Amino acid sequence: WIMCRELLRGSGLAALASWVVAVAVVWMCVQFGVLQGEGTLLDHEQAMQLYPMRGYVANWMLTDSGYLWFLLCLAPLLHMVNAACEELMWRGYLLTALTERFGQHVAAASSALIWGLWHAPMVLILGWAFPGQPLVGSVVFAVGLLIWGVVLARLKQTTGGLLAPVVMHATFNAWMIGYFNLQIQESDGAMFSPWGPLGWAFGGVVALAVYHFRPDQIFDDVAPHVETAQSQYLELKSGLRIHYTDT
């Protein structure tokens, strides 16, 4: 029950924004790849026949008109359990433990670094994400997950829950499998992937945005304080300190 509450806690608006960002980033990466002549040239019908999880999808959703709605609304749900389990471990347990010891910023960066390095052997040995590019792919994937891991960590820290990170994680997985991998040639996936150099740029912009819109910053603007040895405060799970005067 405690884990379920952690998964559901957080801002619904932040979760919606996370869904929009994930969809937009994957879509833009595909468009850049196609413009550079690296598209697979599959039409919608051919791409839908290659969708790895088509066995779980109703036939009408695999039509030309239904597939987009499937990707937008239902595909992320197919990846929700996997994303929730990962987020409980990485942004739930690990990030919380690191925050208690090192503070928010170091915890966000270090948890993202560990997350990226954890996935690197899966590319190197199993051929995940970048088939046929084990060495380059593992480095690219690790750096990409480092950047996006910081985004997910800051979403957890600023919203106080895992709802937004889970939605972003599940949506990225859904759109990578159901859209990017079917539209961009594997040989050039490292360059145009959301985990590659193009994705690093998008991820950096999103990370800066997440850092800019900080609840503690907003609170400081509304109620400035001077912290002293006698200061009293409540510290929320997100790391936000609410200072008060005991009268």
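As the structure is a computational prediction, the values presented were derived from the model and not from experiment. (Residues numbered from 1 in each chain as written. Predicted model: local features only at pLDDT ≥ 70, side-chain atom pairs only at ≥ 80, totals over all residues. Heavy atoms only, no water.)

Asker: Mind showing me how you'd approach the overall build of the chain here?
Answerer: Broken down by element type, the chain carries eleven helices and two strands. Helices and strands appear in the chain in the N-to-C order α-α-α-α-α-α-α-α-α-α-α-β-β. Sorting the 247 residues of the chain into buried and exposed places 46% on the buried side. Residue pairs in contact within the chain that sit at least 24 positions apart in sequence constitute 70% of those at least 6 positions apart. Total accessible area on the chain is roughly 13,400 Å²; 68% of this is exposed by carbon and sulfur atoms. (Helix = DSSP H or I, 4+ residues; strand = E, 2+ residues; numbered from the N terminus. Buried < 20%, exposed > 50% of the residue type's maximum accessible area, 1.4 Å probe, protein only. Contact = heavy atoms within 4.5 Å. Areas by Shrake-Rupley, 256 points an atom, 1.4 Å probe, with all protein chains shown as cover.)

Asker: So what exactly am I meant to see when it comes to the environment of Leu135 here?
Answerer: Position of Leu135 among the secondary structure elements: in helix H7 (residues 134-159). Overall, the relative accessible area of 63% leaves Leu135 in the exposed class. Considered as a pair, Leu135 and Pro121 are 14 residues apart in the sequence and their alpha carbons are 9.6 Å apart.

Asker: I tried to follow the pattern of salt bridges on my own but got confused; where do I start?
Answerer: Note that side chains of opposite charge can pair when their charged atoms are close. Summed over the entire model, instances satisfying the criterion amount to one salt bridge. The partner of Arg91 in a salt bridge is Glu87, with the nearest N and O atoms 2.8 Å apart. Of the two residues, Arg91 and Glu87 both sit in helix H5 (residues 80-102), four residues apart, roughly one turn of that helix. The two residues Arg91 and Glu87 agree in class, both being buried. (Salt bridge = Lys/Arg side-chain N within 4 Å of Asp/Glu carboxyl O.)

Asker: Explain the environment of Ala142 to me, please; I cannot follow it from the model alone.
Answerer: Tracing the backbone shows Ala142 in helix H7. When its relative accessible area of 14% is taken as the criterion, Ala142 is described as buried. Here the alpha-carbon distance between Ala142 and Pro121, two residues 21 residues apart in the chain, equals 9.4 Å. Beyond its immediate chain neighbours, meaning those up to four positions away, Ala142 contacts Gly116 and Ala120.

Asker: Just checking my understanding: could you explain the packing of H5 against helix H8 (residues 163-183) for this structure?
Answerer: If you want to describe how two helices pack, look at the angle between their axes and the distance between the axes. Across the interface, H5 lies against H8 with an axial gap of 8 Å and an inter-helix angle of 130°. Judged by the angle between their axes, H5 and H8 are oblique. In terms of crossing hand, the pair formed by H5 and H8 is right-handed. Packed against H5, whose contacting residues are Met80, Asn82, Ala83, Ala84, Glu86, Glu87 and Arg91, the element H8 presents Pro165, Val166, His169, Ala170 and Asn173 at the interface. Grouping the amino acids of the contact of H5 with H8 by side-chain chemistry returns six nonpolar, three polar and three charged. (Axes fitted to C-alpha atoms, helices over the stretch in contact; angles between N-to-C directions. Parallel < 35°, antiparallel > 145°, perpendicular 65-115°, else oblique. Left-handed = near helix turned anticlockwise from the far one by under 90°. Nonpolar A, V, L, I, M, F, W, Y, C, P; charged D, E, K, R; others polar.)

Asker: What's the story with the packing of aromatic side chains in this structure? I'm lost.
Answerer: Aromatic ring pairs are reported here in terms of the distance separating the ring centres and the angle at which the planes meet. Under the definition given, this model contains nine aromatic pairs. Ring geometry for Tyr51 against Phe70: centres 5.6 Å apart, planes inclined by 80°, an arrangement best described as edge-to-face. Residue Tyr51 is found in the loop between helix H3 (44-49) and helix H4 (66-78), and its partner Phe70 is found in helix H4; the two are separated by 19 residues along the sequence. By the burial criterion, Tyr51 is buried, and Phe70 matches it. Aromatic pair Tyr67 and Phe70: ring centres 5.9 Å apart, planes at 25°, arrangement stacked. Here Tyr67 pairs with Phe70, and both are found in helix H4, just three residues apart, close to one helical turn. The class of Tyr67 is buried, set by a relative accessible area of 8%. On the accessibility criterion, Phe70 (3% relative accessible area) is buried. Joined through ring pairs, the aromatic side chains of Phe141, Trp148, Phe172 and Trp195 make up one cluster. Taking NZ or CZ as reference, Arg91 lies 4.2 Å from the ring centre of Trp115, over its face. Note that Arg154 overlies the ring of Tyr211, its terminal NZ or CZ placed 4.5 Å from the centroid. (Phe/Tyr/Trp six-rings, centres within 6.5 Å; stacked < 30°, edge-to-face > 60°. Lys NZ or Arg CZ within 6 Å of the ring centre and 35° of its normal.)

Asker: It is not clear to me how the packing of H4 against H8 should be interpreted in this structure. Could you clarify?
Answerer: Axis separation between H4 and H8 bottoms out at 8 Å; the angle between their running directions is 150°. The angle between the axes of H4 and H8 places the two elements in the roughly antiparallel class. Two packed elements cross with a definite hand, and for H4 against H8 that hand is right-handed. For the pair H4 and H8, the contacting residues are Tyr67, Leu68, Leu71, Leu72, Ala75 and Pro76 in the first and Ala170, Thr171, Ala174, Trp175, Gly178, Tyr179 and Leu182 in the second. For the contact of H4 with H8, a count of residues per class yields eleven nonpolar, two polar and no charged.

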